[in-house]
Amino acid sequence: MSKHYLHPLFMPRSVVVFGASEKEHSVAGILFSNLRKSGFTGKVYPINPKHDQLYGERCYASTADLPETPELALIATPAATIPGILDACGARGIHHAVVLSAGFREVGPAGVALEEAVQAAAKRNDIRFIGPNCLGVQRPGIGFNGTFSKGATLSGDLALVSQSGALCTAMLDWAESNGIGFSSVISTGASADVDFGEILDYLAYDPATKGILMYIEGIRDARRFMSALRATARIKPVVLVKVGRHEAGSKAVASHTGALVGSDAVFDALLRRAGVVRVSSITQLFASAQALSSHIRPTGDRLAIVTNGGGPGVMATDRAVDLGVKLAELGPGTLDKLNAALPATWSHGNPVDIIGDAAADRYSAAMQACLADEHVDGVLVMLTPQAMTRPTEAAEAVVAVARQSSKPVIACWMGEAQVAEGRQRFKEAGIPIFSTPEPAVEVFSFLTAYYENQRLLMQTPGPIAKGTDPDVEGARLIIESALSHGRSVLTEVESKALLSAFRIPVAQTMIAREPTEAMLMAQQMGFPVAMHTSWRPFLDQLEKE
């Protein structure tokens, strides 16, 4: 297969760093240091006319002095210098860049003009770039860290795509301590050139990426974004959080990246039809990362809860009801198995309360029974450290059972010191582990949302029934009539008539000009009916009759 045209942005073999320095607290300094320390095996060429050497290696004054043409330019110089640098890159044959510098659209009219100058320079030099005002790009699998983020990034198979560099750094810091790795980390910033749609195109067919996490503030090319999102979601799970849901948040987005934010309700509906899971908080995005990195896939939306404490079971149930998660109805055979393995005082239903003195064998028996039940699509297993509890042994028993089933298993070991080793067993086994019930239930809700959205994504309109071909001529007459009256917008009645002409079901609409006519129409259509008018006397008269 031929390589994607954005391949050098994410898998470069050689890099030039504009503004490189040894300053430990500057963006360019950290960027250059990260490239040197991250294990990147490609060539790294620093450019800074103020230095002959950096860290004992040659530093170049301009692109003309470079011994070869690098594949990617990383630019972290003052905003005003960017157009000239892109011209220099074009002259040298460099056609891909990441612009980390800030000071563009987000600062006002002067920044907008400068950003337009950058776009013009990139276009005339045939350069595709990410940014400006971004954290940069990472590809941990090849040791490439083209960001100014401090800290290590583990290699894995999740891609993180974010308009916020700050969120990237927070996610990476959290992920490192939780053993979660990434195939790519892409900070888009203002997305003045390469936007989400093109990035999704690349990630959809990237063999190193198995799942995608996204943080979105605004979309510039909505049509391309939705097309790429639908295509990607068919083959890889996509979870995203979009901010700016309210007016105040939209204003904050504009001041941050200069992105325009459209109707949130429309965006939400589009995502559901695209087969994508939307979460509402960064905490939930973290939880989704755990689920995706564990490679658990949904089989349905019915949850069984196994717990050694009634209180946590109720908490999990409450959250499940809040989120619309179905509690599984355990089958008779499952109840018989549980009755045989558990004390007579167990809860005899879902949640399955196996009582506070439950040892590892009881956890094992309850998990086996629930996972074998055809009415169960996933299990949340919980533990609170009580007098006779052995959290580590119980965790090992759950892990052993989970390995024998394809159904999702999510764990919640509540507490801290006593359950730390047990949690580590789950992390090592790749099972999502939480310290409280609520986020654990939320993860299952994300899985079921993915399951449902994938079902919607695969839906296709049925064929038009025989003998009900579209009334194309009637539709043309409706449009021509509106145009002849100098209108570019159809009325409600005309719109519904147009949809009906193509056999699309709509609510019947009729216009009545006096009360008696309205009553006759209502009787003809059948009750109940809805009526709308701005003429109050008309309503008063109708009510009297």
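A brief report on the enclosed structure follows. (Residues numbered from 1 in each chain as written. Predicted model: local features only at pLDDT ≥ 70, side-chain atom pairs only at ≥ 80, totals over all residues. Heavy atoms only, no water.)

As summarised here, the arrangement of the seven strands in space is β9-β8-β11-β10-β12-β13-β14, forming an open sheet in which the pairing is mixed. Only two strands of the sheet have a single neighbouring strand rather than two, namely β9 (144-147) and β14 (277-279). When the angles between neighbouring strand axes are averaged without regard to direction, this sheet yields 15°. Bridge count for strand β10 (residues 155-162) against strand β11 (residues 182-187) is six bridges, and the pairing is parallel. If you follow leucine 160 over to β11, its bridge partner there is valine 185. The sheet contacts of helix α7 (residues 222-233) involve β12 (211-216) and β13 (238-242), and relative to β12 the element is tilted by about 155°. (Pairing = 2+ DSSP bridges. Helix = DSSP H or I, 4+ residues; strand = E, 2+ residues; numbered from the N terminus. Axes fitted to C-alpha atoms, helices over the stretch in contact; angles between N-to-C directions. Contact = heavy atoms within 4.5 Å.)

The next point concerns the nonpolar core. Phe10, Leu74, Val98, Ile130, Met214, Phe225 and Leu229 are the most contacted members of the largest nonpolar core, which totals 46 residues. Discounting residues that sit within four places of it in the chain, leucine 74 has contacts with Val15, Val16, Val17, Phe18, Leu31, Leu35, Val98, Phe144 and Gly146. In this structure, Trp174, Ile410, Ala440 and Phe446 belong to the second largest nonpolar core, which totals 43 residues. (Core = buried A, V, L, I, M, F, W, Y, C linked by side-chain atoms within 4.5 Å. Buried < 20%, exposed > 50% of the residue type's maximum accessible area, 1.4 Å probe, protein only.)

With that out of the way, let us pick up the side chain of serine 364. Along the chain, the position of serine 364 falls in helix α13 (residues 360-372). We classify serine 364 as buried; its relative accessible area is 17%. For serine 364, the contacting residues outside a window of four places in its chain are Ala397 and Val401.

We now examine the packing of helix α17 (residues 472-484) against helix α18 (residues 492-501). As a packed pair, α17 and α18 sit with axes 9 Å apart at the nearest point and diverge in direction by 155°. Between α17 and α18, the angle is such that the two are roughly antiparallel. The handedness of the crossing between α17 and α18 is left-handed. Note on element contacts: α18 touches α17 through Glu494, Ala497, Leu498 and Ala501, opposite Ala475, Ile478, Ile479 and Ala482. Taken together, the residues of the contact of α17 with α18 break down into seven nonpolar, no polar and one charged. (Parallel < 35°, antiparallel > 145°, perpendicular 65-115°, else oblique. Left-handed = near helix turned anticlockwise from the far one by under 90°. Nonpolar A, V, L, I, M, F, W, Y, C, P; charged D, E, K, R; others polar.)

A separate point is the pairing of strand β2 (residues 43-47). Where strand β1 (residues 14-18) meets β2, five bridges bridge the pair, whose relative direction is parallel. Bridging across to β2, serine 14 finds its partner in lysine 43. At this point the chain moves from β1, through helix α2 (residues 27-37), to the parallel β2, and the crossover so formed is right-handed. (Right-handed = clockwise from strand over helix to strand, strands pointing away.)

Here we come to unusual backbone geometry. Here the amide bond leading from glycine 131 into proline 132 is cis, since omega sits at 0°, within 30 degrees of zero. Turning to its location among the elements, proline 132 is positioned in the loop between β7 (128-130) and β8 (136-139). Backbone torsion omega between asparagine 350 and proline 351 reads 10°, so that peptide bond is classified as cis. Among the structural elements, proline 351 can be located in the loop between α12 (332-341) and β17 (352-353). In this structure, aspartate 126 takes a positive phi of about 55° despite not being glycine. Among the structural elements, aspartate 126 can be located in the loop between α4 (109-124) and β7. A residue is classified by how much of its surface remains accessible, and aspartate 126, at 54% relative accessible area, is exposed.

Here we come to the packing of aromatic side chains. For the structure on display, the rule yields nine aromatic pairs. An angle of 40° between the planes, with centres 5.9 Å apart, marks the rings of phenylalanine 32 and tyrosine 55 as tilted. Of this pair, phenylalanine 32 sits in helix α2 while tyrosine 55 sits in the loop between β3 (53-54) and β4 (57-58); the two residues are 23 residues apart in sequence, bridging distant segments of the chain. Look at phenylalanine 32 and you get buried, because its relative accessible area is 1%. Accessibility expressed as a relative area gives 32% for tyrosine 55, which makes it partly exposed. Between phenylalanine 196 and phenylalanine 225 the ring centres are 6.2 Å apart and the planes differ by 70°, which places this aromatic pair in the edge-to-face class. With a gap of 29 residues between them, phenylalanine 196 in helix α6 (residues 196-204) and phenylalanine 225 in helix α7 connect regions that are remote in the sequence. Each member of the pair, phenylalanine 196 as well as phenylalanine 225, carries the same accessibility label: buried. (Phe/Tyr/Trp six-rings, centres within 6.5 Å; stacked < 30°, edge-to-face > 60°.)

Right, let's talk about helix α9 (residues 264-273) for a bit. Here α9 has its buried residues at Asp264, Phe267 and Leu271. For α9, the arc enclosing every buried residue in end-on projection is 60°, short of the 170-degree limit, so these residues lie on one face. Those residues of α9 that are buried lie in contact with β12, α7, β13 and β14. Two residues or fewer past α9, glycine 275 is found with a positive phi of approximately 80°. (Arc of directions from axis to C-beta.)

The next subject is helix α19 (residues 515-525). Of all the residues in α19, the buried ones are Pro515, Ala518, Met521 and Ala522. Around the axis of α19, the buried residues are gathered within 125° of arc, so they sit on the same side. Counted as exposed and oriented over 90 degrees from the buried face of α19: Leu520, Gln523 and Gln524. At the C-terminal side of α19, glycine 526 shows a positive phi close to 100°.

Taken in spatial order, the five strands of this open sheet run β2-β1-β5-β6-β7, and their pairing is parallel. Two strands lie at the open edges of the sheet, namely β2 and β7, each paired on one side alone. For this sheet the average axis-to-axis angle between neighbouring strands, irrespective of direction, equals 20°. Relative to the sheet, helix α3 (residues 82-92) contacts β1, β5 (72-75) and β6 (96-99), its axis offset from that of β5 by approximately 165°.

The next subject is the pattern of salt bridges. Scanning the entire structure with this criterion turns up 20 salt bridges. Glutamate 115 is the partner of arginine 105 in a salt bridge, and the nearest nitrogen-oxygen pair spans 3.1 Å. Residue arginine 105 is found in the loop between β6 and α4, and its partner glutamate 115 is found in helix α4; the two are separated by ten residues along the sequence. Under the relative-accessibility criterion, glutamate 115 is labelled buried at 1%. With its nearest N and O atoms 2.8 Å apart, the salt bridge here joins arginine 487 to glutamate 494. The exposure class of glutamate 494 is buried, given its relative accessible area of 16%. (Salt bridge = Lys/Arg side-chain N within 4 Å of Asp/Glu carboxyl O.)

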